[in-house]
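Chain by chain, the residues run as shown.
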Amino acid sequence: MRGSVRGRQFHSSCLFSQKIQQPISRLQATEGSKKNPYPSKRTLARKKNKFFKSQSQARVGSDTKKWNMVITTHMRNGQYDSAFSVFNTMPRRCSVSYNAMISGYLLNGRFDLAGDLFDKMPERDLVSWNVMLSGYVRKCDLSTARALFERMPERDVVSWNAMLSGYAQNGLPNEAKEIFSRMPVKNDISWNALLSAYVHNGRIEEARRLFESKNDWHVVSWNCLMGGYVKRSKLVDARRLFDGIPVRDEVSWNTMITGYAQNGELKEAQRLFEESPTRDVFTWTAMISGYVQNGMLDEARRIFDEMPEKNLVSWNAMIAGYVQSKKMDLARELFEAMPCQNVTSWNTMVTGYARSGDLAHAKKLFDRMPRRDSVSWAAMIAGYAQSGYSEEALHLFVQMKRDGERLNRSSFICSLSTCANIAALEMGKQLHGQLVKAGYETGCFVGNALLVMYCKSGSIDEAYDAFEDIADKDVISWNTMIAGYARHGFGKKVLMVFESMKAMGIKPDDATMVAILSACSHTGLLDKGREYFYSMTRDYGITANSAHYTCMIDLLGRAGRLEEAQTLMKNMPFEPDAATWGALLGASRIHGNTQLGEKAAQVVFEKEPDNSGMYVLLSNLYAASGRWDDAGKMRIKMRDKGVRKVPGYSWLEVQNKIHSFSVGDCSHPETKRIYSFLEELDLKMKKDGFVSTTKLILHDVEEEEKEHMLKYHSEKLAVAYGILSIPAGRPIRVIKNLRVCEDCHNAMKYISKIVGRLIILRDSNRFHHFSGGSCSCGDYW
């Protein structure tokens, strides 16, 4: 049959039996015509080649789809290297293959690889551009996203919405509005994105105007604007929207119920709760949270017990209510009854125990936690710090780092506060370095914590550097810097910073003026202090309170203007408090006015009978006047009233370890070395003319014994150990919990000159910088 008509006919019927052959009815229709009904050899060959080519393309297309699916699977599992290997071995790639790779890289945070592959694409389609654009938007790299957007050869509504949503979600409503205005075609997503941008950035009036410019809003948009009103406690506007929604969903009801509950309008919240056609777990939880926030725990518990279904939020809301009310037994009972606890549940309990000072229970729960997060660690660190266990707090911070937990702002701030309290400067500097790496250093809250740490640790120059690094300084930043210079005795710098503050347009507040007046008091700027005190109402609208009057009385008293100080106290618009009388007592001690000191002390004892500091001040006044009987009576009076003098102690940081000393302390492992060095120093000081201020000893004993008692005060022991342990050239920073005594203050001047070291001593009132035989306070303290 080779070459015959019948052979060609059979060949044709076999070859095109599936899709390509002509329908039989068509073949039959040609019978009887003059033309040959069977294809020629050339026609058969052409059709055969066409068929096999189409079949080959179908197989390649099918294979490419399978390869692309493998790439996508690898990317979803985070295996972008494996995905790249598959991509590299593909026999044929299409734009979908490139897009799958780029999308996968972006999903795994490899923007560098995504961008590189995007640039190498032989041909980009609109999907490729949109994928890359959306990736940069998700990364919050809006400048790169905008540059890419402007380069796009064509854009669709997806492109415009990606750029619009990026600006909206990153708090840039003006830029979002600009994109919205340029859009050739807008859909519901476009309108909702701009509305959401206005609402979430507090531009509620612009959101309202946008909402009123369009009629066919979806219920999601109604809820968004209503939520914005609720967030700003504009319940009348929120209710107007609620009443006007064509169709309400559960979110609508829950938003309005939450708004009333959070703002204390619980009767209206309860009425809506009862009217709600369907109540889900969020509706019930909104009511619980409302009652909890308003301290109505019994009502909250009633709702909680009635709930048909509870979720973790419900349990945690109820537990948080008990914790906030310090009902830890009820909180613990509910916590133990939970069917399943999450990290929030544990954190709430740990925080509750830590804040109430029950660190034993807090630590026990903390150790039992199946999983901890940064909040857990921060709660424990804050608990130890606030209870005075500073070293334990810092130890926990170090342990947190070792456990690999990410350090958040809260844990950094707690740890910096702890360093500030114990003046652990070296540890504070290490924290500062970690802050820089974490990218927190310019934030206002963290920046202020750093500033406080350096100020309280005696490093005022580094404090000013930290102050300068704060990008957006608030009034707390300025006040902290002013107070820092004031405590360090740098009155001129206080006034310089104050003038800069005013020049920057920052309005001084009560705390600012307290710091200014305190600085004037401690540096003897009497005229300046008077000027600021009498002009602060006129210039800054600040009405003087008791703290301002106390500073002014202290300023006058230190300057020896005791009569003027008493007159000012008499003319105060309110009753003087114990601090004000204490300032007058302190001034009386400085100037030896026993009569006025006794009068002031008597008032303080009536107002604060347990204030041991005032007893000591009056005893010092009696001792300095040689009235030993009266000094003895004061000690007996303290004993009879059960008033205990706070023991004095000093400490310093050496190689990240805190070393503490009390008067005559022999517990330190290097006691012999310290005492031997002090004896050498004492001989050198006496050769230079140092004389002990023995009048401060509140005992009628021999002068030699008095000198011996003064020689081993805690601050002297701490400074001696610092000189022996801290390398030359570095300052010696010592902290004392009480006011430094006159003898030690005088001795530190001599020691600083003999050893050639800068000694920074922080007592309960201020810093003293001793260098070359003088003190920064100018002996005006």
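In case you missed it, the structure is sitting above this.
Remember, it's a predicted structure, so these values are computed and weren't measured experimentally.

*Asks:* Where do I start with the pattern of salt bridges in this structure?
*Replies:* Side-chain pairs of opposite charge can arise where the charged atoms are in close proximity. By the definition in use, this model includes 39 salt bridges. Of the charged contacts in the structure, one is a salt bridge between D743 and K716, with a shortest N-O distance of 2.6 Å. With D743 in helix α42 (residues 742-755) and K716 in helix α41 (residues 714-725), this pair connects stretches of sequence that are 27 residues apart. The class of K716 is buried, set by a relative accessible area of 6%. The partner of K749 in a salt bridge is D779, and the shortest N-O contact between them spans 3.0 Å. In this pair, K749 is assigned in helix α42 and D779 in the segment after β6 (774-775), connecting sequence segments 30 residues apart. We classify D779 as partly exposed; its relative accessible area is 44%. Beyond isolated ion pairs, a larger network of salt bridges with shared partners links R239, D243, R248, E268, R271 and E275.

*Asks:* Would you mind going over a negative patch on the surface with me for this structure?
*Replies:* Negative charge collects at one region of the surface, where D461, D465, E468 and D469 lie side by side. When you line up the elements, D469 lands in helix α28 (residues 460-469).

*Asks:* Would you mind going over the packing of aromatic side chains with me for this structure?
*Replies:* We describe a pair of aromatic rings using the distance from one ring centre to the other and the angle between the two ring planes. Applying the stated criterion across every chain, the model contains 24 aromatic pairs. Their ring planes at 80 degrees and their centres at 5.0 Å tell us that F180 and W191 sit as a pair that is edge-to-face. Separated by 11 residues along the polypeptide, F180 in helix α10 (residues 173-182) and W191 in helix α11 (residues 188-200) bring together distant segments of the chain. Like F180, the residue W191 is buried in the burial classification. Here the aromatic cluster, defined as three or more aromatic residues joined through ring pairs, consists of F180, W191, F211, W217 and W222. The cationic tip of K214 hangs over the ring face of W217; the distance from NZ or CZ to the ring centre is 4.7 Å. One Lys or Arg, R372, reaches over the ring of F366 and ends 4.2 Å from the middle of that ring.

*Asks:* Mind showing me how you'd approach the packing of helix α30 (residues 491-503) against helix α32 (residues 526-540) here?
*Replies:* Pairs of packed helices are described in terms of their axes, by the angle between the two and the distance that separates them. In the contact formed by α30 and α32, the axes pass within 15 Å of each other and the chain directions differ by 15 degrees. Judged by the inter-axis angle, α30 sits roughly parallel to α32. Crossing of α30 against α32: the hand is left-handed. Together, L495, F498, E499 and K502 of α30 and K528, Y532 and Y540 of α32 make up the contact between the two elements.

*Asks:* Would you explain unusual backbone geometry in this entry?
*Replies:* Despite not being glycine, S233 has its phi angle at roughly 60 degrees, a positive value. Position of S233 among the secondary structure elements: in the loop between α13 (219-231) and α14 (235-244). In this structure S233 comes out as partly exposed when scored by relative accessible area, which is 44%. At K326, a residue that is not glycine, the phi angle is positive and equals roughly 60 degrees. Within the element layout of this structure, K326 appears in the loop between α19 (312-324) and α20 (328-337). When its relative accessible area of 68% is taken as the criterion, K326 is described as exposed.

Parameters at a glance
- Residues numbered from 1 in each chain as written.
- Predicted model: local features only at pLDDT ≥ 70, side-chain atom pairs only at ≥ 80, totals over all residues.
- Heavy atoms only, no water.
- Salt bridge = Lys/Arg side-chain N within 4 Å of Asp/Glu carboxyl O.
- Helix = DSSP H or I, 4+ residues; strand = E, 2+ residues; numbered from the N terminus.
- Buried < 20%, exposed > 50% of the residue type's maximum accessible area, 1.4 Å probe, protein only.
- Patch = residues over 30% accessible without salt bridge, like charges linked within 9 Å, V, L, I, M, F, W, Y side chains within 5 Å.
- Areas by Shrake-Rupley, 256 points an atom, 1.4 Å probe, with all protein chains shown as cover.
- Lys, Arg positive; Asp, Glu negative; His and termini not counted.
- Charge placed at Lys NZ, Arg CZ, Asp CG, Glu CD.
- Phe/Tyr/Trp six-rings, centres within 6.5 Å; stacked < 30°, edge-to-face > 60°.
- Lys NZ or Arg CZ within 6 Å of the ring centre and 35° of its normal.
- Axes fitted to C-alpha atoms, helices over the stretch in contact; angles between N-to-C directions.
- Parallel < 35°, antiparallel > 145°, perpendicular 65-115°, else oblique.
- Left-handed = near helix turned anticlockwise from the far one by under 90°.
- Contact = heavy atoms within 4.5 Å.

Interpretation note: all reported values are geometric properties and have no functional meaning in isolation.
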